[in-house]
Amino acid sequence: MAESAIPIVEIKSVSKIFQLQDQKIHALSDANLSIHKGEFICLIGASGCGKSTLLRIIAGFEQPSAGEALMWGRPIVGPDPTRGMVFQDYALFPWLNVRANIGFGPAARGLGGAEVRDIVDKFIELVGLGKFANAYPHQLSGGMKQRVAIARVLANDAELVLMDEPFGALDAMTRERLQDELLEIWQRTKLTVVFVTHSVEEAIFLANRVVVMTPGPGRIESDNALDLPRPRDVASPEFNAIRRVLAAKLHSHHAKKAA
């Protein structure tokens, strides 16, 4: 079977239990999800519902307690450059400038200096940081740091980009600008993106599928395909109708948990 005919990622009946001293924490329970190449998927749900745990299992940072996590039909057994992770706190190397941060992965893979320079130039241009190529992280704004983090993942030849609330610490204007820039990068590169957010509006603006998770132990409550043209208008009646539906699903979970 051709790669394009199967999901890039499959989560099959995945559960995850953490042992915390003498207490067992049920983070995920029987989660199932298929992700196809080129999709932009957002995971939403209450704090502690297992969104980040699911992302870390896909990244290979955690192993399921039960079930399977597969990429191209093969078990995910550990981290791999084809699955790049972008964190809220950027995770840049403070002692390296922008060029060196972006080039770290290609250089570590043993590519030659000229090839690394070409890759770095390509992705610096893609994220619009040409004027800051020699700047260090402490000289950059939060939005610029996040652009470097995205470029570093892309330069490492990632097929799948996993983003754990990457814009959560940014001010509203920077967040909106980076949402637009991320969509442009996604459309130009045909990457597959899995994006964790607490914001229903952000999820609808970005994704072509929004996956709603129940409070812990996390399950996939609903998988919602969005048939909204791009660019999306957050003030449109169609956008707000979807927001009401998804918000109602989230609030119903809160009510059930509180009951």
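In case you missed it, the structure is sitting above this.
Scoring rules and cut-offs
Residues numbered from 1 in each chain as written. Predicted model: local features only at pLDDT ≥ 70, side-chain atom pairs only at ≥ 80, totals over all residues. Heavy atoms only, no water. Helix = DSSP H or I, 4+ residues; strand = E, 2+ residues; numbered from the N terminus. Contact = heavy atoms within 4.5 Å. Pairing = 2+ DSSP bridges. Axes fitted to C-alpha atoms, helices over the stretch in contact; angles between N-to-C directions. Salt bridge = Lys/Arg side-chain N within 4 Å of Asp/Glu carboxyl O. Parallel < 35°, antiparallel > 145°, perpendicular 65-115°, else oblique. Left-handed = near helix turned anticlockwise from the far one by under 90°. Nonpolar A, V, L, I, M, F, W, Y, C, P; charged D, E, K, R; others polar.

A. Looking closely at the environment of Asp 157. The topology assignment puts Asp 157 in the loop between α4 (142-155) and β7 (160-164). Those residues within four positions of Asp 157 in sequence are excluded, and the remaining contacts are Pro 81, Thr 82 and Arg 109.

B. Looking closely at the sheet that holds strand β2 (residues 23-35). Across the sheet, four strands lie side by side as β2-β1-β4-β5; this open sheet has antiparallel pairing. Either end of the sheet is taken by a strand with one partner, and the two such strands are β2 and β5 (74-75). Sheet strands touched by helix α1 (residues 51-59): β1 (9-20), β2 and β4 (66-71). Its angle to β1, the strand with the most contacts, is close to 115°.

C. Region of interest: the pattern of salt bridges. This model, assessed by the stated rule, comprises 10 salt bridges. Through salt bridges with shared partners, a single ionic network connects Lys 16, Arg 56 and Glu 62.

D. Broad picture of the packing of α4 against helix α5 (residues 172-189). Running from N to C, α4 and α5 cross one another at 20°; their axes reach a closest spacing of 10 Å. Between α4 and α5, the interaxial angle falls into the category roughly parallel. Handedness of the crossing formed by α4 with α5: right-handed. From α4, Gly 143, Gln 146, Arg 147, Ile 150 and Leu 154 reach across to α5, where they touch Thr 174, Arg 177, Leu 178, Glu 181 and Ile 185. Among the residues making up the contact of α4 with α5, the classes are represented as four nonpolar, three polar and three charged.

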